[in-house]
Amino acid sequence: MNAASTAPGTRRRYLWRALGLLLAVVAAAYALPRLLFGPVVPVVPVVQRDFVQSVVASGRVQTPHRIDIGAQITGTVIAVPVAEGQTVRAGQVLVELDATELRAALQQALTAVAQAQAKLRQLHEVQAPVAEQSVRQAQTTLEHARAQQRRNEELFGKGFIGQATLDESRKNVDLADAQLRAAQRQLESARAGGSDVALAETALAQARANADAARARLSYATIAAPVAGTLIGRNGERGDVVQPGKVLMTLSPSGDTQLVVQIDEKNLALLASGQHAVASADAYPRRQFEATLAYINPGVNAQTGAVEVKLDVPDPPPELKQDMTVSVDIEVARRGNAVLVPSDAVRQPESASPWVLRVAEGRAQREPVRIGLRSGGWSEVLAGLAPGDLVVPAGVPDVVDGMRVRARVDATSPE
């Protein structure tokens, strides 16, 4: 009874001991490589290839300038023969205002011009000849008075007439002389350069100026496109009463398209006019187009720490519209056969002594490096590494200098 009951218990104890021994062997088999060779850590290889450093930014599309078009007079809109988004040519009518009163004012001014012209013709054709005739008559009268005076002086000397008669003849001479001088002044006034002609010419010039002003005001009733372009705004409709200063249309002139982007000031030293760029509109991200850096603002925005730059687009795609958001990659440097390491494998990259953990002969080793270009998640290594070296990304925990590790290659490649 006791022997029979003891045998099953003994077998169970042996079974548990055997199972524990097996587990200990499995655990030792698992832990022994880690103890002898270290943990498995992901590593990335150092590669060599052509490398382009670029500055990435976003901005907007704009033409060199916009034109706000408004009325120069107060008036009522009677027609708007264009639509927003329409392409217009230079001189095409955009808005028409009621011009009834303006046309009447112009007609009145033209009538005043005609009257002033008639007055000037009257001076030349009537008053000047009449003045010439008056001068001739006055000269004849003066000659007759002088002849009469000479006869009276002879008669007075002979005693045939008295002093009163002689004095009367002298007065007649003086009167005729005065009348001649007056006629001569009237003739001078009626001739070219005279005062009457000058007044008539001044009146004609003023009438013509008034007519020009009336004609100009009438032209303001028709608002036309100053240059060819695309209408990107329309703020007036038929029946609206508009006043000077109100923007009725906004025109984006045809011409060179530019991209205006904001670049972080830390990249300012990398930028130079003429640099090549590749851009795409956020609405069409797969349709890339070429651009060239054309302008770098000399100032830095104190609030944002950004520098405004402009890029010319020599051949803009048809879908590119004013104010579209765009993404731009500006190529600032290029290296052939550059030695590259993922930027996230470089420790203390902004310090004077950056370094990496390089895996060699089964150990992680701290390796100082000298960094060159950086872009797109990759850094150029000028010294400290060679193509094919394996480095530990900075995000891998618990790996220190001198530690035994087993490398597992997590291969990636530069973009």
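The structure displayed is predicted, hence computed values, not measured ones. (Residues numbered from 1 in each chain as written. Predicted model: local features only at pLDDT ≥ 70, side-chain atom pairs only at ≥ 80, totals over all residues. Heavy atoms only, no water.)

1. Observations regarding helix 4 (residues 195-219)
Heads up, the condition is: Labels follow the DSSP assignment, with helices taken as runs of H or I lasting at least four residues and strands as runs of E lasting at least two, numbered in each case from the N terminus. Take the number of residues in a helix, subtract one, and multiply by 1.5 Å to get its expected span. The buried label applies to any residue whose accessible area, calculated with a 1.4 Å probe on protein chains only, is under 20% of its type's maximum; exposed applies above 50%, and partly exposed to all values in between.
The end-to-end C-alpha distance of helix 4, which contains 25 residues, comes to 36 Å, matching closely the 36 Å that a straight helix rising 1.5 Å per residue would cover. When we look at burial in helix 4, the residues that qualify are V197, A200, L204, A207, A211 and A214.

2. Some remarks on the layout of surface pockets
Where empty space is left in the structure can be found by rolling a water-sized probe over the atoms. Basically, it comes down to this: Using protein atoms alone on a 1 Å grid, points that fit a 1.4 Å probe yet trap it form a cavity, whereas open point sets bounded by protein on both sides within 12 Å along at least five of seven lines form a pocket; residues with an atom within 4 Å of a point count as lining. Grid points are joined across faces, edges and corners, and a volume is the space filled by probe spheres set on the points. Charged residues are taken to be Asp, Glu, Lys and Arg, nonpolar residues to be Ala, Val, Leu, Ile, Met, Phe, Trp, Tyr, Cys and Pro, and polar residues to be all remaining types, Gly included.
Roughly 340 Å³ of volume is contained in the second largest pocket. Taken together, Q53, S54, V55, V56, K266, N267, L270, E350, G372, L373 and R374 make up the lining of the second largest pocket. The element best represented in the lining of the second largest pocket is strand 2 (residues 47-62), accounting for four residues. By residue class, the composition of the lining of the second largest pocket is four nonpolar, four polar and three charged.

3. Side note on the packing of aromatic side chains
The following threshold applies: Only rings of Phe, Tyr and Trp enter the pairing, Trp through its six-membered ring, and a pair is recorded when the two centres are within 6.5 Å. The plane angle decides the type: under 30 degrees is stacked, over 60 is edge-to-face, the rest tilted. Our definition puts a charge over a ring when NZ of Lys or CZ of Arg is within 6 Å of the ring centre and also within 35 degrees of the ring normal.
Here the structure, examined in full by the defined rule, presents zero aromatic pairs. Above the face of the W355 ring, R366 is positioned so that its terminal group lies 4.0 Å from the ring centre.

4. Observations regarding the pattern of salt bridges
Convention followed: By salt bridge we mean one thing: a side-chain nitrogen of Lys or Arg within 4 Å of a carboxyl oxygen of Asp or Glu.
Taken as a whole and assessed by the stated rule, the structure comprises eight salt bridges. Residue E237 is joined to R234 by a salt bridge in which the shortest nitrogen-to-oxygen separation is 2.6 Å. Overall, E237 belongs to the partly exposed group, its relative accessible area being 39%. Residue R374 pairs with E350 through a salt bridge whose shortest N-O separation is 3.1 Å. Taken together, the positions of R374 in strand 18 (residues 370-375) and E350 in the loop between strand 15 (325-342) and strand 16 (355-360) put the pair 24 residues apart, joining distant regions of the chain.

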